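# Structural characterization, general
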Amino acid sequence: MGFKSDIEIAQETQMTVINEIADKLGIHDEYVENYGKYKAKIDYRMLKEYQDKPNGKLILVTAINPTPAGEGKTTTTVGLGDALSAMGKKTVIALREPSLGPVFGVKGGAAGGGYAQVVPMEDINLHFTGDMHAIGAANNLLAAMIDNHIQQGNVLNIDPRRITWKRCVDMNDRQLRYIVSGLHGKANGMPREDGFDITVASEIMAILCLSSDIDDLKQKLASIVIGYSFSDEPITAGQLNAQGAMAALLKDALKPNLVQTLEKTPAFIHGGPFANIAHGCNSIMATSMALKLGD
């Protein structure tokens with residue numbers, strides 16, 4: 001008899017309703033926003049209530065050279081978290097969200113493996129609670145505002161040859177890395193070189209993971225440099241007044257997501273930019289929550 005596959009193991013698991021997982025951590029109902037029965041967002045305002053509580057101990061799982069299929073840090077983190085839970089420690093895991101591109105590529109999913117998995121595995125690997133879509137929308141809103149500004153007279157004197165802000169899509173689509181956009185006449189914009197990054201490689205993702213609340217998020221978004229003027233001055237998203245609209249798209253994505261492991265250990269899965277462009281792990285907010293709620 002062969003070994004069960006990761007997906008068979010995950011689908012055979014009887015999950016606990018997410019409100020019970022939140023109760024186990026002592027999170028009050030007012031901070032729990034349900035996304036179905038097994039996923040919830042936790043309002044970051046909860047952290048104000050816990051600000052005087054001492055932090056638990058932080059164990060960082062890092063620096064594992066992954067195999068071609070990408071196994072490593074998540075499986076180890078989940079296994080370690082479950083082991084500590086089994087020893088009677090109040091344990092909380094914090095992980096980054098998978099990116100759709102690698103999920104459908106060689107690597108496959110990113111929710112652990114074997115009996116060290118987070119569930120609901122399919123949801124986590126696919127659309128989850130919509131954070132990736134929100135980040136992509138905010139990124140592409142800024143891109144649209146840049147091109148619209150140029151089209152409407154270009155008061156900021158943006159040099160179309162020196163725009164550093166790319167569009168993004170949450171898929172490995174190499175055909176879109178370098179493109180020419182704005183073709184087909186005056187009504188369709190200014191022709192220029194352009195390109196798409198994968199959503200987790202967006203600066204928006206990095207900013208979301210480093211923000212402590214909505215005001216902090218707005219401030220950081222306003223500081224994004226999108227390119228340079230003809231006189232070589234950096235141009236920011238704040239000069240385009242884009243930060244408010246972008247923050248509105250990200251208001252729910254800013255809240256960490258709570259799920260569980262196969263062994264019912266609570267797990268926050270929130271954000272996570274690629275490590276080659278930023279810090280490559282989950283949000284500071286998710287780690288802060290875990291430190292306040294666990295041993």
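Everything here concerns the structure above.
Residues numbered from 1 in each chain as written. Predicted model: local features only at pLDDT ≥ 70, side-chain atom pairs only at ≥ 80, totals over all residues. Heavy atoms only, no water.

### Some remarks on the sheet that holds strand β11 (residues 225-229)
What counts, and what does not: Pairing between strands is defined by DSSP: at least two bridges between the two strands are required. Secondary structure elements are taken from DSSP: a helix is a run of H or I of four residues or more, a strand is a run of E of two residues or more, and numbering for both begins at the N terminus. All axes are obtained by fitting lines to C-alpha atoms, using only the stretch in contact for helices, and the reported angles, taken between N-to-C directions, cover 0 to 180 degrees.
Spatially, the three strands line up as an open sheet ordered β6-β11-β12, and their pairing is antiparallel. In this open sheet, the two edge strands, each paired with only one partner strand, are β6 (158-163) and β12 (234-236). Strand-to-strand twist in this sheet, taken as the mean axis angle between neighbours without regard to direction, amounts to 50°. With three bridges joining them, β11 and β12 adopt antiparallel strand pairing.

### Some remarks on helix α10 (residues 243-250)
Stated precisely, the cut-off is as follows: Three exposure classes are used, based on accessible area relative to the maximum for each residue type with a 1.4 Å probe and protein chains only: buried under 20%, partly exposed in between, and exposed over 50%. To obtain the arc, one takes the directions from the helix axis to the C-beta atoms. We call two residues in contact whenever any of their non-hydrogen atoms come within 4.5 Å of each other.
Among all positions in α10, only M246, A247 and L250 are buried. Buried residues of α10, seen end-on, are gathered within an arc of 100° and therefore sit on one face of the element. If you follow the buried residues of α10, they end up packed against α7 (131-151), α8 (203-210) and α9 (214-222).

### Looking at the pairing of strand β14 (residues 266-269)
When a strand is regular, its side chains alternate between the sheet's two faces. The alternating pattern of β14 places P266 and F268 on one face and A267 and I269 on the opposite face, and all of these are buried. Summarising the sheet, strand β13 (residues 257-261) and β14 pair through four bridges and their orientation is antiparallel. Counterpart to Q260 in the pairing with β14 is P266. What sits between the antiparallel neighbours β13 and β14 is a turn of four residues, in which K264 has the positive phi angle 75°.

### Some thoughts on the side chain of D43
Stated formally: Counting of polar contacts relies on pairs of N or O atoms within 3.5 Å, with two restrictions inside protein: one atom must be capable of donating a hydrogen and the other of accepting it, and residues adjacent in sequence are counted only when both atoms are side-chain atoms.
Tracing the sequence through the fold places D43 in the loop between β2 (40-42) and α3 (46-49). The class for D43 is buried, based on a relative accessible area of 4%. Side chain to side chain, D43 and R45 meet in a polar contact 2.7 Å long. Discounting residues that sit within four places of it in the chain, D43 has contacts with Y31, E33, K255 and M289.

### Focus on the packing of aromatic side chains
Cut-off, in case you're wondering: The aromatic pairing rule takes the rings of Phe, Tyr and Trp, using the six-membered ring of Trp, and pairs them if the centres are within 6.5 Å, calling planes under 30 degrees apart stacked, those over 60 edge-to-face and the rest tilted. Two thresholds decide whether a charge sits over a ring: the Lys NZ or Arg CZ must be within 6 Å of the ring centre and within 35 degrees of the ring normal.
By the definition in use, this model includes zero aromatic pairs. Note that K166 overlies the ring of Y178, its terminal NZ or CZ placed 4.7 Å from the centroid.

### Topic: the pairing of strand β5 (residues 116-119)
Burial along β5 is two-sided: A116 and V118 and Q117 and V119, pointing in opposite directions, are all buried. Strand direction decides the pairing type here: strand β4 (residues 112-113) and β5, joined by two bridges, are antiparallel. From the neighbouring strand, G113 faces β5, where its bridge partner is A116. Bridge count for β5 against β13 is two bridges, and the pairing is antiparallel. Bridge pairing in β13 links V119 to Q260.

### A short note on the pattern of salt bridges
Rule in force here: Here a salt bridge means any side-chain nitrogen of Lys or Arg lying within 4 Å of a carboxyl oxygen belonging to Asp or Glu.
On inspection of all chains with the given rule, the structure shows 15 salt bridges. Here R192 makes a salt bridge to D194, at a shortest N to O gap of 3.7 Å. Overall, the relative accessible area of 7% leaves D194 in the buried class. Each of E33, K251, D252 and K255 takes part in salt bridges that share partners, so that together they form one network.

### Thoughts on the environment of A201
Structurally, A201 is set in the loop between β10 (196-198) and α8. Residue classification places A201 among the buried residues on the basis of a relative accessible area of 18%.

### Focus: the packing of α7 against α8
Packed helix pairs are specified by the crossing angle of their axes together with the interaxial distance, meaning the distance between the axes. Basically, it comes down to this: Angles below 35 degrees are treated as roughly parallel, those above 145 as roughly antiparallel, those between 65 and 115 as roughly perpendicular, and all remaining angles as oblique. Take the far helix as the reference: if the near one is turned anticlockwise from it by less than a right angle, the crossing is left-handed, and if turned clockwise, right-handed. Three categories are distinguished: nonpolar for Ala, Val, Leu, Ile, Met, Phe, Trp, Tyr, Cys and Pro, charged for Asp, Glu, Lys and Arg, and polar for the others, with Gly belonging to the last.
At a closest axis distance of 9 Å, the pairing of α7 and α8 adopts a crossing angle of 120°. Put simply, α7 runs oblique to α8. Seen along the crossing, α7 lies across α8 with a hand that is right-handed. In contact with M132, I135, A138 and N139 of α7, α8 contributes I204, M205 and L208. The residue inventory of the contact of α7 with α8, partitioned by class, reads six nonpolar, one polar and no charged.

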